[in-house]
Amino acid sequence: MLLLIPGPVQTRPEVRAALAQDIAPWDNEFKSVFAEIRERVLGIAGGIPGEHATLALQGCGHFIMEAALRTFVPAATAAAPGKILIPLNGTYAGRVERLAREAGRQVVTLALPETRPAAPEEVAAALAADPDITHVAMVYSETGAGIVNDAEAIGAVVRAAGRRLILDAVSGFGALPFNLAEHPECDAVMFTSGKCLEGLPGIGFAVVNVARVVAAAGNAGSWSFDLTDVYGHAQRVGWGNFRFTPPVQVLAAFKVALDFHAAEGQAARLARYQENSRVFHQGMRRIGLRPYLDESVQGPIINIVHQPPDAGFQLQNFIDELKRRGVLISNFYNTPVPTFRVGCIGTVTPEDMARAVVAVDETLAALQVRRRSA
Ligand SMILES: *Cc1c(COP(=O)(O)O)cnc(C)c1O
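Remember, it's a predicted structure, so these values are computed and weren't measured experimentally.

**Observations regarding the overall build of the protein**
In terms of helices and strands, the protein carries 12 helices and 11 strands. Over its C-alpha atoms the protein spans a radius of gyration of 21 Å, differing by no more than 12% from the 21 Å that the globule rule assigns to 374 residues. Counting the 374 residues in the protein, one finds 58% classified as buried. Considering only residue pairs separated by 6 or more positions, the protein has 71% of its internal contacts joining residues 24 or more positions apart. Approximately 14,600 Å² of the protein is accessible, and the part contributed by carbon and sulfur atoms is 54%. When the 34 positive and 37 negative side-chain charges of the protein are each reduced to one mean point, those points stand 4 Å apart.

Below you can see the structure in the form of structure tokens.
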């Protein structure tokens, strides 16, 4: 089966094999594994040892995003409240908004079309218009429509305006470049074990600015989601320790995934995903379907395609028939109009994507979907 979803992704058998063991989290052998993971992840983030630190939480990307928002942005009720600007060009940015609002943080959104990246000037203008904004929380690669926001240029705008950046890099970290050493405005960059790093799902990471995480003490209003507490715990008892029981097997597998990431190289991994995306995007057009994005703004992580307007097309049917042909994709979509979504990440190659194009073509033929685009 070819798994083409934007996380959890298709993994290597060597990564999955690392699950098949019993592990005690406090065992010195395991502690050295986690401590090493922290160092290696810091390196991938371009962090400076001592200035930046890798903090981890059990669970999914939403959990680590909530933790970062709570930790770095003081609540609306705080003596000096924070205020978050969210460039809103996709449903995952909308998730950041919901996490922040439900945590009682002040939020202002910058509504943008989801079919292009946010322009740095738009963010600069929003920051200039509201001096109370303390933070920009941005999604790097939008999983909703598939565009990639320019973290480099928007980070520079945030820096110039004297504000702070919280970067949801969950979908692209390990492929899309981001170098913390060059982003002193960044409080934290977030990602998970199960997307472009090609591990299994279960761990959320935040690589944080140490001075900022220390200064954020008391903000979180939650023990579970307090990254200052995660940092303090590591300082007190050592970098191989978790506060609460971690998914130890997933961490063991993640270390193997990091070995493959190092062997492939980040630039080569990005190039592979870009080629995966290009092959699929062009393949869709060739078989008469209409990609949601223009090819000039199509990101490497996920492709969104308009559902055929044919009355005979039904998404779950299509997914089931496609699965019968060996390709598994999401059975939902995140765009205002009906689409289907196909991940381009994980241990998949351009040849796999070409196979997926053929499978989509054959599936539509089998389902007698004749009108493929409007
Ligand atoms: C996958 C993803 C998340 C987190 O999703 P979880 O299901 O909570 O792991 C957050 N942001 C983006 C952009 C994502 O693609």
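Don't stop here, the text continues.
**Thoughts on the sheet that holds strand β6 (residues 164-168)**
The strand order across the open sheet formed by 7 strands is β2-β8-β7-β6-β5-β3-β4, and the pairing between neighbours is mixed. Only two strands of the sheet have a single partner each, and these edge strands are β2 (52-58) and β4 (106-111). Neighbour-to-neighbour, the strand axes of this sheet turn through a mean angle of 20 degrees, independent of strand direction. For β6 and strand β7 (residues 186-192), the ladder comprises 4 bridges, and the chain directions are parallel. Residue pairing for β7: I166 is matched across the bridge by A188. With respect to the sheet, helix α8 (residues 227-237) is in contact with β2 and β8 (203-209), its orientation differing from that of β2 by roughly 110 degrees.

**Some thoughts on helix α6 (residues 151-160)**
Think of an α-helix as 3.6 residues a turn; residues three or four steps apart then line up on the same face. All of the buried residues in α6 are A151, I154, G155, V157 and V158. Around the axis of α6, the buried residues are gathered within 160 degrees of arc, so they sit on the same side. Looking at the buried side of α6, the elements it contacts are α5 (120-129), β5 (135-139) and β6. Sitting at the head of α6, D150 places a side-chain oxygen 3.1 Å from the backbone nitrogen of E152.

**Description of the site of the ligand**
Taken together, C60, G61, H62, Y92, V139, S141, T143, D168, V170, S171 and K195 form the complete shell of residues around the ligand. Between the ligand and T143 there is a distance of 2.4 Å, counted from an oxygen atom to a side-chain nitrogen or oxygen. Interatomic distance of 2.8 Å between a side-chain N/O atom of D168 and a nitrogen atom of the ligand. In the complex, 82% of the free accessible area of the ligand, which totals 380 Å², lies under the protein chains.

**Focus: the domain arrangement of the protein**
For the protein, the domain assignment lists domain 1 (13-262) and domain 2 (266-366). The centre of domain 1, based on its C-alpha atoms, is set 28 Å off from the matching centre of domain 2. If you look at the interface, domain 1 gives 27 residues, while domain 2 gives 21 residues. Between domain 1 and domain 2 lies a buried interface of about 1,800 Å² when both sides are counted; carbon and sulfur atoms form 56% of it. There are 2 salt bridges connecting domain 1 and domain 2. Linking E198 and R272 is a salt bridge whose minimum nitrogen-to-oxygen distance equals 2.9 Å. Mapped by element, the contributors of at least two residues to the side of domain 1 that touches domain 2 are α4 (91-102) and α9 (248-264). Element by element, the count of residues in the side of domain 1 that touches domain 2 is highest for α4, at 3 residues. By residue class, the composition of the side of domain 1 that touches domain 2 is 12 nonpolar, 10 polar and 5 charged.

**Section: the nonpolar core**
Within the largest apolar cluster, 57 residues are counted, with the highest numbers of intra-cluster contacts made by L167 and F178. Shared between two domains, this core takes at least three residues from each, and those domains are domain 1 (13-262) and domain 2 (266-366). A53, L69, V96 and A137 belong to the second-largest nonpolar core, a separate cluster that totals 31 residues.

**Describing the side chain of K195**
Of note, K195 is situated in the loop between β7 and β8. Although K195 is buried, it forms no salt bridge, and the closest oppositely charged side chain is D168 at an N-O distance of 7.2 Å. A polar atom in the side chain of K195 sits 3.4 Å from the backbone oxygen of P6. Not counting chain neighbours up to four residues away, the residues in contact with K195 comprise P6, G7, V9, V170, S171 and I345.

**Comments concerning the packing of α5 against α6**
α6 packs onto α5 with a crossing angle of 20 degrees between their chain directions and a minimal axis gap of 9 Å. Between α5 and α6, the interaxial angle falls into the category roughly parallel. The hand of the α5/α6 crossing is right-handed. Here α5 contributes P120, V123, A124 and L127 to the contact with α6, which in turn contributes A153, I154, V157 and V158. Split by residue class, the contact of α5 with α6 holds 8 nonpolar, no polar and no charged.

**Digging into the environment of L328**
Summarising the element assignment, L328 is placed in strand β10 (residues 327-328). Placed 327 residues apart in sequence, L328 and M1 show a C-alpha to C-alpha distance of 7.0 Å. Leave out the neighbours within four places in its chain, and L328 touches M1, L2, L3, L4, I5 and K323.

Rules used in this analysis
Residues numbered from 1 in each chain as written. Predicted model: local features only at pLDDT ≥ 70, side-chain atom pairs only at ≥ 80, totals over all residues. Heavy atoms only, no water. Helix = DSSP H or I, 4+ residues; strand = E, 2+ residues; numbered from the N terminus. Rg over C-alpha atoms; globule rule 2.2 N^0.38 Å. Buried < 20%, exposed > 50% of the residue type's maximum accessible area, 1.4 Å probe, protein only. Contact = heavy atoms within 4.5 Å. Areas by Shrake-Rupley, 256 points an atom, 1.4 Å probe, with all protein chains shown as cover. Lys, Arg positive; Asp, Glu negative; His and termini not counted. Charge placed at Lys NZ, Arg CZ, Asp CG, Glu CD. Pairing = 2+ DSSP bridges. Axes fitted to C-alpha atoms, helices over the stretch in contact; angles between N-to-C directions. Arc of directions from axis to C-beta. Polar contact = N/O pair within 3.5 Å; in protein donor to acceptor, adjacent residues only side chain to side chain. Near = heavy atom within 4 Å. Domains from an automatic or database assignment. Buried area = accessible area lost by both parts, 1.4 Å probe. Salt bridge = Lys/Arg side-chain N within 4 Å of Asp/Glu carboxyl O. Nonpolar A, V, L, I, M, F, W, Y, C, P; charged D, E, K, R; others polar. Core = buried A, V, L, I, M, F, W, Y, C linked by side-chain atoms within 4.5 Å. Parallel < 35°, antiparallel > 145°, perpendicular 65-115°, else oblique. Left-handed = near helix turned anticlockwise from the far one by under 90°.

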